[in-house]
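Observations on chain architecture
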Amino acid sequence: MEKIKIWFRKNWSTAILFAFFVLLLLSPDAKAWFMRQIISTGIMNSSVEKKTEKETEAGDTNTITENFTVADQSGNTISTADLKGKVVFMNFWASWCPPCRAEFPSIQKFYDKYKNNPGVVFLTVNLDDQVSLGENYLKKENYTLPLLVPAGNIPTAYFNGSLPTTVVLDKTGKIRLHHAGMADYSKASFFEEIDGLLNE
């Protein structure tokens, strides 16, 4: 026992680092917390594409090219084809996915800021094998984002299998942001980009 104490005194930083990595391996919540620290730096964020000069001159003539339908827990459906004139924030996630868990607090903040804006629609699409897993996760974390599930095939233009994936459609239905991986959506710079889309 004395040898262990001596070793720990000499190598306490190594022991703490080892314990931290074990915790990251075993706990999805710890992994999500660590990833949240990384995305808070902003190094993993992507930006909303700006309209080209040609698109600006052409005006609002673009049409929605990909139709995607989701359903809420009551069976009501929402189709992207019906959302022209609105900015659509689409996020594909699963409760078992640590990067999804890492970015969810920022998505909740973004939702809280824009949920009463009729020009913004949130399609937070749960891809758990059982909907109850996503529902339980949202309840446990006190998230109020809508729980939606695919009501048909997901176009590959929106999602190609990488979780999380976030897509932002402008008012014409054009994809203006497509980001596979975690990001922070609670930053003022992202809010400015959404406001820019609302004012186009």
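Everything in this summary refers to the structure shown in the same document. Given the structure is predicted, the values throughout are model-derived calculations rather than measurements. (Residues numbered from 1 in each chain as written. Predicted model: local features only at pLDDT ≥ 70, side-chain atom pairs only at ≥ 80, totals over all residues. Heavy atoms only, no water.)

On to the sheet that holds strand 1 (residues 69–71). Strand order in the open sheet formed by three strands is 2-1-5, with antiparallel pairing between adjacent strands. Two strands close off the open sheet at either side, each with one partner strand: strand 2 (77–79) and strand 5 (149–150). Here strand 1 pairs with strand 2 via three bridges, running antiparallel. When the sheet's bridge partners are listed, threonine 69 is paired in strand 2 with serine 79. (Pairing = 2+ DSSP bridges. Helix = DSSP H or I, 4+ residues; strand = E, 2+ residues; numbered from the N terminus.)

It is worth spelling out the environment of asparagine 160 at this point. The topology assignment puts asparagine 160 in the loop between strand 5 and strand 6 (165–169). When its relative accessible area of 57% is taken as the criterion, asparagine 160 is described as exposed. A sequence separation of 20 residues divides asparagine 160 from alanine 180, and the C-alpha atoms of the two residues are 8.9 Å apart. (Buried < 20%, exposed > 50% of the residue type's maximum accessible area, 1.4 Å probe, protein only.)

Right, let's get into the pattern of salt bridges. Summed over the entire model, instances satisfying the criterion amount to six salt bridges. The partner of aspartate 170 in a salt bridge is arginine 176, and the shortest N-O contact between them spans 2.9 Å. You'll find aspartate 170 and arginine 176 in the same group, each marked buried. The partner of lysine 187 in a salt bridge is aspartate 184, with the nearest N and O atoms 3.8 Å apart. You can call lysine 187 partly exposed: its relative accessible area is 25%. (Salt bridge = Lys/Arg side-chain N within 4 Å of Asp/Glu carboxyl O.)

Let us look at the packing of aromatic side chains. Taken as a whole and judged by the stated rule, the model has 19 aromatic pairs. Ring centres 4.9 Å apart and planes at 70° place the aromatic pair phenylalanine 89 and phenylalanine 110 in the edge-to-face group. A residue pair is termed long-range when its members are at least 10 positions apart, and phenylalanine 89 in strand 3 (residues 87–93) and phenylalanine 110 in helix 5 (residues 98–114) qualify at 21 residues. Taking relative accessible area as the criterion, phenylalanine 89 reaches 1% and is therefore assigned buried. Take phenylalanine 110: its relative accessible area is 0%, and that puts it in the buried class. Plain terms: the ring middles of tyrosine 137 and tyrosine 143 are 5.9 Å apart, the flat faces sit at 55° to each other, and that makes the pair tilted. Sitting above the plane of the tyrosine 114 ring, lysine 113 keeps its charged end 5.8 Å from the centroid. (Phe/Tyr/Trp six-rings, centres within 6.5 Å; stacked < 30°, edge-to-face > 60°. Lys NZ or Arg CZ within 6 Å of the ring centre and 35° of its normal.)

Turning next to the pairing of strand 7 (residues 175–180). Where strand 6 meets strand 7, five bridges bridge the pair, whose relative direction is antiparallel. Bridging from a neighbouring strand, threonine 166 pairs with histidine 179 of strand 7. Between the end of strand 6 and the start of strand 7, which pair antiparallel, lie five residues, with glycine 173 showing a positive phi angle near 95°.

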